[in-house]
Amino acid sequence: ALSEAKGMTKTMKNVEEIKDVILKFVISIMDKEMNKFELNYEENLFDLGMDSIKYVNLIVKLEMYYNIEFNNEIMNMTEYDSISKISEYVAKLISS
C-alpha cells in the first residue's frame, strides 16, 4: 500500500508539472498575454479563444514533448477542454 501511495504522489506531482508545460504551450499557441494568475487550470480553453486548429497544435506539441501518442479519445474537445483534464490524460499515458 505504501508503494502505491508513493506512486500516487509521484503521479500527482507529474500532473502539476504537466499542467505547467501545457500552460506554456497554451500561452504560445494562443499568442496572448496570459500568465499563470489569470488562467485557471479548470477554465474551458475554448472560452478563452482556443479553436480546433490550435487544439490539434497543442496535442501535437504534447506528443512531441513527452514522446507519447494520443489515441482518438483526446480529440473529444468537449471532454478535454481544460488544462486540468488534458494533464490528467497525459499523466495516465506517461505512467502506463
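Since the structure is predicted, the reported quantities are computational estimates derived from the model, not experimental observations.

Caption draft 1: Here's a closer look at the side chain of aspartate 81. Position of aspartate 81 relative to the elements: it lies in the loop between helix H2 (52-66) and helix H3 (83-95). Accessibility expressed as a relative area gives 11% for aspartate 81, which makes it buried. There is a polar contact of 3.2 Å between the side chain of aspartate 81 and the side chain of lysine 85. Residue contacts for aspartate 81: discarding those within four places in its chain leaves Glu43, Asn44, Leu45 and Phe46.

Caption draft 2: Molecular detail of the environment of lysine 19. Note on placement: lysine 19 falls in helix H1 (residues 2-30). Apart from the residues lying within four places of it in its own chain, the contact partners of lysine 19 are Tyr41, Ile83, Ser84 and Ser87.

Caption draft 3: View of H2. The terminal C-alpha atoms of H2 lie 21 Å apart, and with 15 residues this matches the ideal 21 Å at 1.5 Å per residue to within 8%. By the burial criterion, the buried members of H2 are Tyr55, Leu58, Ile59, Leu62 and Tyr66. Around the axis of H2, the buried residues are gathered within 95° of arc, so they sit on the same side. In H2, the exposed residues that point more than 90 degrees away from the buried face are Ile53 and Met64. Its side-chain oxygen at 3.1 Å from the backbone nitrogen of isoleucine 53, aspartate 51 defines the N-terminal cap of H2. Asparagine 67 sits one or two residues past H2 and shows a positive phi near 50°.

Caption draft 4: Looking closely at a nonpolar patch on the surface. The grouping of Val56, Val60, Met64 and Met75 at the surface amounts to a nonpolar patch, some 340 Å² of accessible area in total. Relative to the elements of secondary structure, valine 56 occurs in helix H2. On the basis of relative accessibility, which here comes to 36%, the residue valine 56 falls in the partly exposed class.

Conventions adopted
- Residues numbered from 1 in each chain as written.
- Predicted model: local features only at pLDDT ≥ 70, side-chain atom pairs only at ≥ 80, totals over all residues.
- Heavy atoms only, no water.
- Helix = DSSP H or I, 4+ residues; strand = E, 2+ residues; numbered from the N terminus.
- Buried < 20%, exposed > 50% of the residue type's maximum accessible area, 1.4 Å probe, protein only.
- Polar contact = N/O pair within 3.5 Å; in protein donor to acceptor, adjacent residues only side chain to side chain.
- Contact = heavy atoms within 4.5 Å.
- Expected span 1.5 Å × (residues − 1).
- Arc of directions from axis to C-beta.
- Patch = residues over 30% accessible without salt bridge, like charges linked within 9 Å, V, L, I, M, F, W, Y side chains within 5 Å.
- Areas by Shrake-Rupley, 256 points an atom, 1.4 Å probe, with all protein chains shown as cover.
- Salt bridge = Lys/Arg side-chain N within 4 Å of Asp/Glu carboxyl O.

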